[in-house]
Every structure is written in C-alpha cells, then in structure tokens.
Amino acid sequence: MLIPDIIIAIDGYSSTGKSSFAKIIANEFSFLYLDSGALYRGVTLFAIENGFISDDNTINVPGLSGALENLDLHFAAGGTFIGDRCIENEIRSLAVAGKVSPIATVAEVRNFVDRKLREFGSRKRVVMDGRDIGTTVFPDAELKIFMTADPLIRAQRRADEMKAKGMEADMEDVLRNLQERDYIDSHREVSPLTQAEDAIVLDNSHMTMQDQLEWLKGIIAERFGC
Ligand code: CDP
C-alpha cells in the first residue's frame, strides 16, 4: 500500500498499545517511529538519579530545568540512551512510571522534549506516539489517531509485557499506576491529554494488532486514495 509523506500522530491513554501499534505502522510503511513517552521517561530517570524529585514527588523545578541543558538524551539503535548508556529497560520500570506524569507536568521538561520531537518531525514520514502529539507537538499532522481501551484490559496487557521482560508486575499496582497517570495527564495545565478535534478514535479493547492494521489501511485508502 502506498502512503504519502505525512506525520501520523497517535495519542491516548496509558498502556493502550500506542507504541506497539506505532512500531507496526513504521514497519509496514517504512516510517520513522518516535516514542515521545520514552523521552519523558528518560528525563524522569535522570531526575530520580540526580535528586531533582523526592519520594513524595516534589520536584526541584529550577534545578531540573537548568540541568536539562546538558542532558544528552536521544534514540539510537532502536533504544533510548543518555550519552552512551542504554536506559531502555530502566525507563520501563514502575519506579519511573510512578514519577513520570508529575515530571511531565513541568513546562520546561515539555519544551525540552518538544524541541527534540519537532527536529525529527521536520523530515515527515514519521509516526509518533504520546499524549499531546496531535494537539501540541504536531497540530498539523495529516493523520491523528486517539487510542483508548478498557482499563482492566490495559493493565493486564502492561503486566504481561513487564513479566515477559522478567520484570515484577502486580496487576493492582499496574492498574493503579495507569489510572493515576491518566488522571494527571488529563488534568495538567500544560498540554493535557485530550482528543484533537480531527482525531479518529480507536478503541482496541477487543482488537488484535492485525485488526488495527486493517482498520488503519481502510482509513488511509479513504483519505489518501491508495
Ligand atoms: O507506554 P505508556 O502509554 O504507558 O506511557 P508512555 O507513552 O511511555 O508515557 C509515559 C508518560 O509520559 C505519560 O503517562 C505522560 O505522563 C508522559 N507523556 C506526556 O506527557 N506527553 C507525551 N507526549 C508522552 C508521554
């Protein structure tokens, strides 16, 4: 299937399978995949390790904002790195998940991540997933998808994914974490999680990845005529 040079923005709730879907899309259409959540998670790991966020999630905003100037956070070889250290597994832990949404409320953190995302997006043929891609980062994205699914199904999928990676995952902890993140993400002042007016909703509670791809191909054929 042919697809023009566009930006595909995928936003939605935690653990709705945005990144898995985005990877499949990237593979199917030879697009570049960018995981904006990985950058927020990377900043969070950096903040934890450098004492910019306390146990009760109080954030030293001036300290963190200043330190971001020298933070070399980037994607390489399909993973997330700080300098030459691969942080891909650490950023998926519940320790990071428990602090990422507070960190993502900080305007300076959002500017830092947005700058990186826009640099990548300038080349088009990009699929990006997050919370505010279609509303704030790329409001002109040609195709916007808003993903949602039943919270219990989401928690089960995330727990299975963590267990498959050899990480500990208690269903209740995972469910609580994703509900907390959904709440903070939807209620924050800067770029909250909301559905863009021109986004198409995808509830994948009872869909396989193959179903989702067929659904998307139907939309692409309709929109772009190929
Ligand atoms: O994989 P999952 O959907 O659980 O989360 P993620 O995409 O890795 O994002 C982790 C967290 O980063 C979210 O809960 C948000 O707090 C924040 N985030 C954001 O604020 N804006 C984005 N564009 C992407 C992530």
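Residues numbered from 1 in each chain as written. Predicted model: local features only at pLDDT ≥ 70, side-chain atom pairs only at ≥ 80, totals over all residues. Heavy atoms only, no water.

### Some details on the pattern of salt bridges
Oppositely charged side chains are able to pair whenever their charged atoms sit close together.
In step 1: Evaluated as defined, the whole model comprises 14 salt bridges.
In step 2: Notably, a salt bridge pairs Arg92 with Glu88, separated by 2.9 Å at the nearest N-O pair.
In step 3: For Glu88, a relative accessible area of 22% corresponds to the partly exposed category.
In step 4: Residues Lys144 and Asp198 are paired through a salt bridge, measuring 3.1 Å at the closest nitrogen-oxygen approach. With Lys144 in strand β7 (residues 143-148) and Asp198 in the loop between α8 (171-187) and β8 (200-203), this residue pair connects regions lying 54 residues apart in the sequence.
In step 5: On the accessibility criterion, Lys144 (4% relative accessible area) is buried.
In step 6: Judged by its relative accessible area of 44%, Asp198 is partly exposed.
In step 7: Several salt bridges share partner residues, and in doing so they unite Asp35, Glu88 and Arg92 into one network. (Salt bridge = Lys/Arg side-chain N within 4 Å of Asp/Glu carboxyl O. Buried < 20%, exposed > 50% of the residue type's maximum accessible area, 1.4 Å probe, protein only. Helix = DSSP H or I, 4+ residues; strand = E, 2+ residues; numbered from the N terminus.)

### A few points about the packing of helix α4 (residues 94-103) against α8
In step 1: Where α4 meets α8, the closest approach of the two axes is 8 Å, and the angle between their N-to-C directions is 15 degrees. It follows from the interaxial angle that α4 and α8 lie roughly parallel. For the element pair α4 and α8, the recorded crossing hand is left-handed. The residues of α8 that touch α4, namely those facing Leu94, Ala97, Gly98, Val100, Ser101 and Pro102, are Asp173, Asn177, Arg181, Ile184 and Asp185.
In step 2: When grouped by side-chain class, the residues that make up the contact of α4 with α8 number five nonpolar, three polar and three charged. (Axes fitted to C-alpha atoms, helices over the stretch in contact; angles between N-to-C directions. Parallel < 35°, antiparallel > 145°, perpendicular 65-115°, else oblique. Left-handed = near helix turned anticlockwise from the far one by under 90°. Contact = heavy atoms within 4.5 Å. Nonpolar A, V, L, I, M, F, W, Y, C, P; charged D, E, K, R; others polar.)

### What to know about the side chain of Arg92
In step 1: Locating Arg92 in the fold gives a position in the loop between β5 (85-86) and α4.
In step 2: In terms of polar contacts, Arg92 uses its side chain to reach the side chain of Glu88, at 2.9 Å.
In step 3: Non-local contacts of Arg92, meaning those with residues more than four positions away in its chain, are made with Asp35, Ala38, Arg41, Met162, Lys165 and Met167. (Polar contact = N/O pair within 3.5 Å; in protein donor to acceptor, adjacent residues only side chain to side chain.)

### Topic: empty space enclosed by the protein
In step 1: Taken as a whole and assessed by the stated rule, the structure comprises one cavity of 30 Å³ or more.
In step 2: Taken together, Asp11, Thr135, Lys144, Ile145, Phe146, Thr194, Gln195, Ala196 and Ala199 make up the full set of residues lining the largest cavity.
In step 3: When residues of the lining of the largest cavity are assigned to their parent elements, the largest contribution, three residues, is made by β7.
In step 4: A per-class count over the lining of the largest cavity returns four nonpolar, three polar and two charged. (1 Å grid on protein atoms, 1.4 Å probe; cavity = no way out; pocket = protein on both sides within 12 Å on 5 of 7 lines; lining within 4 Å. Points joined across faces, edges and corners; volume = space filled by probe spheres on them.)

### A look at the nonpolar core
In step 1: In this structure, Val43, Leu64, Leu71, Leu73, Ile103 and Val109 are the most contacted members of the largest nonpolar core, which totals 36 residues.
In step 2: For this core, the secondary structure elements donating two or more residues are β1 (7-12), α2 (36-49), α3 (61-68), α4, α5 (107-121), β6 (126-130) and α6 (133-137).
In step 3: Residues in contact with Leu71, not counting those within four places in the same chain, are Val43, Phe46, Ile82 and Phe112.
In step 4: Counting residues in hydrophobic clusters, the runner-up holds 19 residues, among them Ile10, Val127, Met147 and Leu216. (Core = buried A, V, L, I, M, F, W, Y, C linked by side-chain atoms within 4.5 Å.)

### Considerations on the packing of aromatic side chains
In step 1: What the rule picks out here adds up to four aromatic pairs.
In step 2: On the basis of an interplanar angle of 65 degrees and a centroid distance of 6.4 Å, the ring pair of Phe29 and Phe31 is categorised as edge-to-face. A single burial state applies to Phe29 and to Phe31, both of which are buried.
In step 3: Between Phe46 and Phe52 the ring centres are 6.1 Å apart and the planes differ by 40 degrees, which places this aromatic pair in the tilted class. The residues Phe46 and Phe52 share a single accessibility class, namely buried. (Phe/Tyr/Trp six-rings, centres within 6.5 Å; stacked < 30°, edge-to-face > 60°.)

### Notes on helix α7 (residues 151-164)
In step 1: Along its 14 residues, α7 runs 20 Å from first to last C-alpha, staying within 8% of the 20 Å computed at 1.5 Å per residue.
In step 2: Every buried residue of α7 is listed here: Arg154, Ala155, Ala159 and Met162. When α7 is viewed along its axis, its buried side chains cluster within an angular range of 130 degrees and face the same direction.
In step 3: Between a side-chain oxygen at the N-terminus of α7 and the backbone nitrogen of Leu152 the separation is 2.9 Å; the capping residue is Asp150. (Expected span 1.5 Å × (residues − 1). Arc of directions from axis to C-beta.)

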